[in-house]
Amino acid sequence: MTQTLETIESDPFVKLPRGVRLHHDRVRDLPVLLGPERALMLDEIGLAILTEIDSGLQMSVLIDRLAARYTAPRDEIAGDVIAFLEDLQVQRLVDYADA
C-alpha cells in the first residue's frame, strides 16, 4: 500500500523510491527526475526540493532547510513543498514513510 500524507504521521520521512533518480539531461541541459518509463523536467525549485531528499529526509527538516536557503516564510515554503511532493507521490515518484 502506498502511503499518503493522510495515512502517516504529521512529519513523514520523504524519499525517492527505488528506480527513481535525479539526472542531468545533456541534450536539453536540464535536470530531470527519471522514473520507470518517464522523465520529468525540473525547474530550479523542483531541483532544490529533490536534491535535499535524494537520500531521504523528514518533511519538517526539508521545509526548514529550504526556508533558510531562500529566506522565505516557512508557511509559504511548506505549502509549495507539500503540493509539489503530493503531486509526485501520486505519480509514484516520491515515497512517504513514518519517521
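Residues numbered from 1 in each chain as written. Predicted model: local features only at pLDDT ≥ 70, side-chain atom pairs only at ≥ 80, totals over all residues. Heavy atoms only, no water.

K.L.:
How should the pairing of strand β2 (residues 21-25) be read in this particular structure?
P.N.:
Taken together, the five bridges between β2 and strand β3 (residues 30-35) define a ladder with antiparallel strand orientation. Along β3, the bridge assignment pairs Asp-25 with Leu-30. Once β2 ends, the chain turns through four residues before running back antiparallel as β3, passing Asp-29 with a positive phi of about 55°. (Pairing = 2+ DSSP bridges. Helix = DSSP H or I, 4+ residues; strand = E, 2+ residues; numbered from the N terminus.)

K.L.:
Any chance you could explain the sheet that holds β3 here in plain terms?
P.N.:
For sheets, the rule is that strands pair by backbone hydrogen bonds, running either parallel or antiparallel. Judged by pairing direction, the sheet is antiparallel, and its three strands sit side by side in the order β2-β3-β4 without closing on themselves. A strand with exactly one partner marks an edge of an open sheet, and here the two such strands are β2 and β4 (38-41). The average undirected angle you get between the axes of adjacent strands in this sheet is 35°. (Axes fitted to C-alpha atoms, helices over the stretch in contact; angles between N-to-C directions.)

K.L.:
Looking at this structure, how should I read the environment of Ile-49?
P.N.:
Mapped onto the fold, Ile-49 is located in helix α1 (residues 44-53). Classification of Ile-49 by relative accessible area gives buried; the value is 3%. Once the C-alpha coordinates of Ile-49 and Ile-63 are considered, the two residues, 14 residues apart in sequence, prove to be 8.8 Å apart. Excluding anything up to four places from it in sequence, Ile-49 contacts Leu-62, Leu-66, Val-81, Phe-84 and Leu-85. (Buried < 20%, exposed > 50% of the residue type's maximum accessible area, 1.4 Å probe, protein only. Contact = heavy atoms within 4.5 Å.)

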